Amino acid sequence: MTDFTLSCPLPVAERKTVVLGHGSGGKLTAQLIRDLFLPAFDNPLLGRLDDQAVLEAGSARIAFTTDSFVVTPLFFPGGDIGKLAVHGTVNDIAMSGAMPLALSAAFILEEGFSMEELGRVVASMAEAARAAGVPIATGDTKVVPQGAADKMFITTSGVGLVPENIHISASNARPGDRILLSGTIGDHGMAVMAKREGLEFDGAIESDTAPLHRLVAAMTAAGEIHALRDPTRGGLAATLVEIAAVARIGVEAVAGAIPVREPVRAACELLGLDPLFVANEGKLVAFVAAADAGRVLEAMRSMPEGREAAIIGEAVEAHPGMVLLKTEVGGTRVVDLPFHEQLPRIC
Amino acid sequence: MKYVDEFRNHALAQKLFAEIGRRATRPWVIMEVCGGQTHSIVKYGLDQLLPPGIELAHGPGCPVCVTSLELIDRAHALARRPEVIFCSFGDMLRVPGSEGDLFGIRAQGGDVRVVYSPLDCLKLARENPNRRVVFFAIGFETTAPANAMSVWQARAQGIRNYSILVSHVTVPPAMIAILESPANRVQAFLGAGHVCAVMGYEEYEPLAARYQVPIVVTGFEPLDLLEGILAAVRQLEQGRHEVENSYARVVSRGGNPEARRMIFRVFEPCDRAWRGIGVIAGSGYRLREEFHDFDAARLFDLDAIVSTEPETCISGLVLQGARRPHECPEFGTRCTPETPLGATMVSAEGACAAYYNYGRHLRP
C-alpha cells in the first residue's frame, strides 16, 4: 500500500438549522431539550424530565401533559392520526399513575385539505375518547395556507389526578428493580413505515395504538411501581436509556426476552432496522420493586393491553446511565439513543 | 423467523466457540473484509466470546466510510441545486463533507430522498420530468448490479433526466493493498459473502495462492461468522491457504453471471481514491463511454470542487486492520458518532462506530 492520506471530516453536531433528527426522540432531540428548552424555561417541574408534569393544588396532585401529532400518512393499518392524538396524551398522563380527567385538542389545518378526511379523523378521535372514557373538553382551530402544513397537525393536552400514595417517576427507578414490558415492540412504527413505503408484508402489521390508563391502574393495585414510560419515538431503546440516565442506574436487558411479532421482525430485517428503536403507541415499560414483579406481571397479563407482557431485564448499580443488552448468542452490547432518524444500512 | 433464528441459535453458537477454542493452538489475526460483518460481530458480541488468541481485524469494506471527501463534497453540491432531486442510500445522509451533511442540506431546502433501490429513482425521474434526478451510486460489487441496471433501464426507457454520481469500489484490489502494506498483520480473510454472491469466488483463488492466505467466504449472521472463523482457523492450523466457501446457501463459485454481465455492460474498472487510505489502482468502477449521458460528474461539471481532508485521524490504519478503534486516543472522547473525526466513526458499518455503538462498555 502506498502512503496514507489520513482523513478527518468535520463534526456536524452543532447545527445552524433544525433538521428532522431534532424531532426523532434520539440524541438530537435530547440535545435540543438540554441546550435550549431546559435552560430557557428552567423550573423544577420541567426539570424532572418525565412525560408529564405533576402539579400540586391543595392536597390534590394533577398530572399535566401535551403532545403534537404530525404523522403521515394520516391513516395507517390499525389507526390514524386522531386515535394517536387521544391515546398519546392519555398515555403520557397515565405514565404518572394518574387517571386522565380530560383532554384538549388543537387543530392546524392546511387550506385545501379534504373535508371528508377531516371528518373521518374527528370521528375516530371521538370514538377513541369515548372508548377511553376521557372527554375532549376544549379545543382550538387554525387554518394555514397551502404548503404551510401537511394536511393536518393535532396537538392534544391532558390533565389527570394522581391517586394518593402513588409516586411514579423515571428518577425513582432503582437497582434491583425488575423491568417489565407490556407486549410486543415495533408494531406502530413498522405499520406506518410499511404504509408510507407501499410495502406489503405477510400477516399485515398493525399499529398497537391503545390507551394504557386501565392497565396502569391494574398494575399500581398489584405492586410498587417506581418508573413508567411508554416507548414511543426512539422506541424501547430510547426509553431504557432515558430512565437509566435520569435515575443514574444501569440497565441490563435480555434480547431473547423482548417480544417482537414475526412480521415486524421480518420487516425490520428486510429494511435494515432494529425493532428496539422503532416507535410504539400502546406499550409501556415499568420498573417494579423486585418482590412485586411477579404479581404486577400477572396483573398485566390479565388485561388485554398487557396479555403479552414480559420481564425483560433488571436495573443494576453497575455502569450507571448505560443500557446493556445480552445478545442471542451470549455476548453483551451497548444500547444507545439513536442519533438521528433510524437509517437503512446499505448492505 | 426462518433463515434467521437458526443462525442466531445460542446452543449452536456455544458449540462453535468451543470448537474454535479446541482448534486454535496459537494466536491468529483474521480480517473480516465487510463492514456488515464488523457490524454483526460487534452487535452480537462475538469478539468477546472468541478464545483470547483469535483477533478479528476489521477491514475496509464499508462503502460509506471509504467514499472520498471530494466525492462527498461534489454530491453535496449537486444536492443543493434547486433543479436536482438527489437520491441516496440512507446511510450516506449523515456523512459529513467539508460543509455539513445531507440532513443539513435537506433542512435548507435541498430535495434529498432516501431510496432502497436505485430503480425507485427512475420512477421519480418519470414523475418529475422538469427536474434532474441524481443517484449517489456508492457501494461494492454488491450494489453495482442494481446501480448498473438503473442506468441500463433509463437508457432503454428513454429517460433523459436521470444520472448517477459513481463512487463504486471493489474488494480484491483492497485486499491486495492490505496484504502488500508493510504494516500488514492479517493472516486470513473472511470473504465478503454478499460481494461473492454477485462475483463468485474464482477471482480470489490466485490471491490466496500468491499471498498464501486462507480466504473463507462468509455470511453475516452470528453462526455464519463463527463457521467462517472456524474454517479460517482450521486452515491456518493446518498450514493451508485455500479459498473456501462457508456461505454455500447464498454463494456459488461462479456467482451470479447475469448480475456480473450487467455490471460490465455499464461499468468499467478504474483507479479509485479511498477515504482514509488513498488511491488504490483498479479498485473502482466508472461508467463506460457509451453511458456518459448518465454520468452526473460530466453532466454537472464538478471538477472545480477539490477537497482535502482537513485533519488527520488513524482511520486509514483502522481500515486496514493495523490498529483497533479503541487504540485511538480520541476514541469515545473527542470522536463519537455525533462528532466523527474520521471515516470509520461515520457509518454504522464503520469499525469505530460499531465499537462505540455496541462495544464501548468493554473498551471504555
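About the thresholds
- The residue numbering used here restarts from 1 in each chain and proceeds along that chain's sequence as written.
- Labels are handed out in written order, letters beginning with A for the chains and numbers beginning with 1 for the ligands.
- With the structure being a predicted model, the display of local features is reserved for residues of pLDDT at least 70 and the display and counting of side-chain atom pairs for 80 or more, all residues being used for whole-chain, interface and lining totals.
- Numbering of helices and strands starts at the N terminus; helices are DSSP runs of H or I of at least 4 residues and strands are runs of E of at least 2.
- What the globule rule says is 2.2 Å times the number of residues to the power 0.38, and the radius of gyration is computed from C-alpha atoms.
- Burial is judged by counting the other C-beta atoms within 10 Å of a residue's own C-beta: 20 or more makes it buried, 12 or fewer makes it exposed, and any count in between marks it as partly exposed, with every C-beta position built from the backbone.
- By the convention adopted here, residues make contact when the C-beta atoms placed from their backbones lie within 7 Å.
- Helix axes are fitted only over the stretch in contact, all axes being lines through C-alpha atoms; the angle between N-to-C directions runs from 0 to 180 degrees.
- Roughly parallel here means an angle under 35 degrees, roughly antiparallel means over 145, roughly perpendicular means 65 to 115, and every remaining angle is called oblique.
- Take the far helix as the reference: if the near one is turned anticlockwise from it by less than a right angle, the crossing is left-handed, and if turned clockwise, right-handed.
- The nonpolar class holds Ala, Val, Leu, Ile, Met, Phe, Trp, Tyr, Cys and Pro. Asp, Glu, Lys and Arg form the charged class, and all remaining residues, Gly among them, are polar.
- The split into domains, and so the bounds of each, comes from an automatic or database assignment of domains.
- A helix is expected to reach a length of 1.5 Å times the quantity of its residues less one.
- Confidence scores per residue from the predictor, reported as pLDDT, run from 0 to 100.
- The directions from the helix axis to the C-beta atoms form the arc being described.
- Any two strands between which DSSP finds at least two bridges are classified as paired.

**Considerations on the overall build of chain A**
No. 1: In terms of regular secondary structure, chain A is built from nine helices and 14 strands.
No. 2: Relative to its length of 347 residues, chain A is compact, with a C-alpha radius of gyration of 20 Å against a globular reference of 20 Å.
No. 3: Principal axes of the C-alpha set define a box for chain A whose edges measure 70 × 55 × 50 Å.
No. 4: A total of 347 residues make up chain A; the buried ones form 51% of that total.
No. 5: Considering only residue pairs separated by 6 or more positions, chain A has 84% of its internal contacts joining residues 24 or more positions apart.

**Thoughts on the packing of helix H6 (residues 213-222) of chain A against helix H9 (residues 293-301) of chain A**
Residue and element names in this part refer to chain A.
No. 1: Relative to each other, H6 and H9 sit at 150°, their axes nearing to 8 Å. For the element pair H6 / H9, the angle class is roughly antiparallel. Taken as a pair, H6 and H9 cross one another with a handedness that is right-handed. Along its contact with H6, which presents Leu215, Ala218, Met219, Ala221 and Ala222, the element H9 presents Arg295, Val296, Ala299 and Met300.
No. 2: Taken together, the residues of the contact of H6 with H9 break down into eight nonpolar, no polar and one charged.

**Section: the environment of A:Gly331**
No. 1: If you trace the backbone, A:Gly331 turns up in the loop between strand S13 (323-326) and strand S14 (332-335).
No. 2: For A:Gly331, a count of 24 C-beta atoms within 10 Å puts it in the buried group.

**Concerning the packing of helix H7 (residues 119-127) of chain B against helix H8 (residues 144-156) of chain B**
Between two packed helices, the angle of one axis relative to the other and the distance separating the axes together describe the packing.
All names here are of chain B.
No. 1: Running from N to C, H7 and H8 cross one another at 30°; their axes reach a closest spacing of 8 Å. Looking at the two axes, H7 sits roughly parallel to H8. On the side of H7, the interface is formed by Leu119, Cys121 and Leu122, while H8 contributes Ala146, Met149, Ser150, Gln153 and Ala154.
No. 2: Among the residues making up the contact of H7 with H8, the classes are represented as six nonpolar, two polar and no charged.

**A few points about the domain arrangement of chain A**
Residues and elements named next belong to chain A.
No. 1: With domains assigned, chain A is organised as domain 1 (50-161) and domain 2 (170-335).
No. 2: Just the C-alpha atoms count here: the centres of domain 1 and domain 2 sit 23 Å apart.
No. 3: The interface of domain 1 with domain 2 comprises 20 residues on the first partner and 25 residues on the second.
No. 4: By residue number, the principal contributor to the side of domain 1 that touches domain 2 is helix H3 (residues 81-94), which donates seven residues.
No. 5: By residue class, the composition of the side of domain 1 that touches domain 2 is 11 nonpolar, six polar and three charged.

**Focus: H3(A)**
No. 1: Taking 1.5 Å of rise per residue, 14 residues should cover 20 Å, and H3(A) covers 20 Å from first to last C-alpha, within 8% of that figure.
No. 2: Counting buried residues along H3(A), 14 of its 14 residues qualify, which places the element largely inside the surrounding structure.

**Focus on the confidence of the model for chain B**
Any segment with low pLDDT has predicted coordinates that should not be analysed in fine detail.
No. 1: On average, residues of chain B score 93 in pLDDT, and 99% of them are at 70 or above.
No. 2: Across the predicted assembly, pTM comes out at 0.89 and ipTM at 0.84.

**Notes on the environment of A:Gly21**
No. 1: Along the polypeptide, A:Gly21 turns up in the segment before helix H1 (27-41).
No. 2: Once the C-alpha coordinates of A:Gly21 and A:Pro338 are considered, the two residues, 317 residues apart in sequence, prove to be 9.4 Å apart.

**Some thoughts on the domain arrangement of chain B**
Residues and elements named next belong to chain B.
No. 1: Assigned domains of chain B: these are domain 1 (5-63 + 171-238) and domain 2 (65-169 + 255-299).
No. 2: A separation of 30 Å is found between the C-alpha centroids of domain 1 and domain 2.
No. 3: Facing the 17 residues of domain 1 at the interface are 20 residues of domain 2.
No. 4: Taken together, the elements giving at least two residues each to the side of domain 1 that touches domain 2 come down to strand S2 (54-61), helix H9 (171-180) and helix H10 (193-199).
No. 5: Here the side of domain 1 that touches domain 2 is composed, by residue class, of 13 nonpolar, four polar and no charged.

**A short note on H9(A)**
Residues and elements named next belong to chain A.
No. 1: Buried within H9 are the following residues: Ala293, Val296, Leu297, Ala299 and Met300. On an axial view of H9, the arc spanned by its buried residues comes to 160°, and they lie on one face.
No. 2: Residues of H9 that are buried sit in contact with strand S8 (178-181), H6, strand S9 (225-229), strand S11 (285-288) and strand S12 (310-316).

**Digging into the sheet that holds strand S7 (residues 188-192) of chain B**
Residues and elements named next belong to chain B.
No. 1: Strand order across the open sheet formed by five strands is S2-S1-S7-S8-S9, with parallel pairing between neighbours. Sheet topology places S2 and strand S9 (243-245) at the edges, where each strand pairs with a single neighbour. Looking at each pair of strands side by side, their axes are set apart by 25° on average, direction ignored.
No. 2: The sheet contact formed by strand S8 (residues 215-218) and S9 spans three bridges and is parallel. In the sheet register, Ile215 faces S9, and the bridge partner there is Val243.

**Some points on unusual backbone geometry**
No. 1: Residue A:Pro73 is bonded to the preceding A:Thr72 through a cis peptide linkage, with omega at 0°.
No. 2: Residue A:His319 is not a glycine yet carries a positive backbone phi of 30°.
No. 3: For A:His319, a count of 16 C-beta atoms within 10 Å translates into the label partly exposed.
No. 4: We note that B:Tyr3 has phi near 65°; this positive angle belongs to a residue other than glycine.
No. 5: On the basis of neighbour counts, which here come to 9 C-beta atoms within 10 Å, the residue B:Tyr3 falls in the exposed class.

**Quick word on the pairing of S13(A)**
All names here are of chain A.
No. 1: Note that strand S10 (residues 250-254) and S13 share four bridges and pair parallel. Within S13, the position partnered with Ala253 by the bridge is Leu325.
No. 2: For S13 and S14, the ladder comprises four bridges, and the chain directions are antiparallel. The partner of Val323 across the bridge, within S14, is Val335.

**Topic: the sheet that holds strand S2 (residues 60-69) of chain A**
All names here are of chain A.
No. 1: One open sheet accounts for five strands, arranged S1-S2-S7-S5-S6; its pairing is mixed. Looking at the sheet topology across the chains shown, the edges are occupied by strand S1 (53-57) and strand S6 (136-144). Taking the axes of each pair of neighbouring strands and ignoring which way they run, one obtains an average angle of 20° across the sheet.
No. 2: Sheet analysis places strand S5 (residues 99-110) next to S6, joined by eight bridges and oriented parallel. When the bridges of S6 are listed, Phe107 appears paired with Thr141.
No. 3: Those strands touched by helix H4 (residues 115-132) are S5, S6 and strand S7 (152-161), and its axis lies near 175° from that of S5.

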